[in-house]
Amino acid sequence: MLKGSEQRVSLKRKQGPLYQQIQKILKDRILHGVYPLGSIIPSEPQLEKEFGVSKMTVRGAVQELSQEGYVQKKSGVGTIVMRNTSHQKLSKGKRFTELLVEEGHKLEKRVLNSHLVTNDEGTEEYNRFGPYCQRIERLYILNGQPYIHLIHFLAAAALPGGTQEMNTDIQSLYDSLEENNIKLENFRDRFFVEPAPPEVCQLLEIPAGMHVLKRLRNSYDGEGRLIEHSIGCYNTELHHYLVSYDT
C-alpha cells in the first residue's frame, strides 16, 4: 500500500467536490499499480481517516470509481480493483505507465515543484510559449526506486483561465489538461542517450555522469498548437523503455 496513505492527505474545497478529488486520487493509484488489479483498496474507515472526510464523501468517491468500472464492492470481502487501464487514449507517456502496471510494477509520482515562469525574449521557452508558461518537475518511482525524471512546460492555453497555475497535487497531468478542455492529438518524440545532469543523477540515485535515455516531447492539440514540451530522463538500467503501437 502507498506509504502516503498512512498520512493525512490535504484536500482543497476550491478544487471541486471532495468526493471527486478523492475519486481522482484513488483512480490515479489504480492506474499506477499502487492498488494492483484484483487487490482490495483500503476500507471506508481507512479512507475517512486518510482524507479527513465523512463516510458519505468516501462512499461517493468509491461509487464514482465503481460506475467507471475500476472497482466492484463485494459483500464480506471489500472493494476490489477490477480494471487498471484508462478509457481515454492519452499520450504514449501515460500509456507507457499503463504497460508497466500491466507487467505488475508499482509506480508512484512525486511532484517536486510546480510554478509559473516568466520567459525572457530570445529563449527557447519564449519562442515556444511566449511570455510565460508553467513548469512542472516530477519524479516517477518504480517499485520503490527512482526511475524517471520529468520536466514539463505547459502553454498558457493549457492553464485554467489562461493565467492560473494548474493544480498538480492530486491528479495526473493529462487529466488536468482534459478538465481544461485540452485534448492532445499529436506527439513528436526525440530520443538521445547522454550523461544525465548532476541534479538528475542525484534524484535518480545513479552514479555521476551515468548515461540515461533522454526523451524530448512536443505535444499538440487538434488545432496544431504546442501545448506541452517535456524533457524526460529514464534510468533504463532499472527498466527498459516500452512502446506499444495500436493496429
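Residues numbered from 1 in each chain as written. Predicted model: local features only at pLDDT ≥ 70, side-chain atom pairs only at ≥ 80, totals over all residues. Heavy atoms only, no water.

A.B. asks: For the packing of aromatic side chains, give the residues involved together with the corresponding values.
C.D. replies: Two measures describe an aromatic ring pair: the distance that separates the ring centres and the angle between the ring planes. Scanning the model with the defined rule gives three aromatic pairs in all. With 6.3 Å between their ring centres and 85° between their planes, Y147 and Y234 make a pair best called edge-to-face. Residue Y147 is located in strand β5 (residues 145-154), and its partner Y234 is located in strand β8 (residues 226-234); the two are separated by 87 residues in the primary sequence. Ring geometry for Y234 versus Y241: centroids 5.1 Å apart, planes at 85°, classification edge-to-face. Among the residues examined, Y234 registers a relative accessible area of 2% and is labelled buried. Overall, the relative accessible area of 16% leaves Y241 in the buried class. Chaining the aromatic ring pairs together yields one cluster made of Y147, F191, Y234 and Y241. Here the basic side chain of R83 rests over the ring of Y70, its NZ or CZ set 4.0 Å away from the ring centre. (Phe/Tyr/Trp six-rings, centres within 6.5 Å; stacked < 30°, edge-to-face > 60°. Helix = DSSP H or I, 4+ residues; strand = E, 2+ residues; numbered from the N terminus. Buried < 20%, exposed > 50% of the residue type's maximum accessible area, 1.4 Å probe, protein only. Lys NZ or Arg CZ within 6 Å of the ring centre and 35° of its normal.)

A.B. asks: Got a sec to walk through the pairing of strand β4 (residues 132-142)? Specific residues and values, please.
C.D. replies: By the criterion of burial, β4 is predominantly enclosed, with 10 of the 11 residues buried. As defined by bridge partners, β4 adjoins β5 across nine bridges and the pair is classed as antiparallel. Counted as the bridge partner of E137 is I151 from β5. Hairpin connection from β4 to β5: two residues lie between these consecutive antiparallel strands, with N143 at a positive phi of about 50°. (Pairing = 2+ DSSP bridges.)

A.B. asks: So what's going on with the packing of helix α1 (residues 18-31) against helix α2 (residues 44-51)? Which residues, and what values?
C.D. replies: Two elements in contact, α1 and α2, have axes separated by 12 Å at closest approach and are oriented at 110°. When the interaxial angle is binned, α1 and α2 end up roughly perpendicular. For α1 against α2, the interelement crossing comes out right-handed. Each of I22, I25, L26 and R29 in α1 lies in contact with α2, whose residues at this interface are L47, E50 and F51. (Axes fitted to C-alpha atoms, helices over the stretch in contact; angles between N-to-C directions. Parallel < 35°, antiparallel > 145°, perpendicular 65-115°, else oblique. Left-handed = near helix turned anticlockwise from the far one by under 90°. Contact = heavy atoms within 4.5 Å.)

A.B. asks: Please set out unusual backbone geometry residue by residue, giving values where relevant.
C.D. replies: The backbone phi angle of N143 is positive, close to 50°, even though this residue is not glycine. The topology assignment puts N143 in the loop between β4 and β5. Classification of N143 by relative accessible area gives partly exposed; the value is 42%. In this model, E205 sits at a positive phi of 60°, which is unusual for a non-glycine residue.

A.B. asks: Would you mind going over the nonpolar core in detail, with residue names and values included?
C.D. replies: L11, I22, L26, Y35, F51 and V53 are the most contacted members of the largest nonpolar core, which has 21 residues in total. Of all the secondary structure elements, the ones that give two or more residues to this core are α1, α2 and α3 (55-67). Residue contributions to this core peak at six residues, all from α1. What I22 contacts, discounting residues up to four positions off in sequence, is L11, F51, V53, T57 and A61. Within the second largest apolar cluster, 12 residues are counted, among which are L100, L142, Y234 and L242. (Core = buried A, V, L, I, M, F, W, Y, C linked by side-chain atoms within 4.5 Å.)

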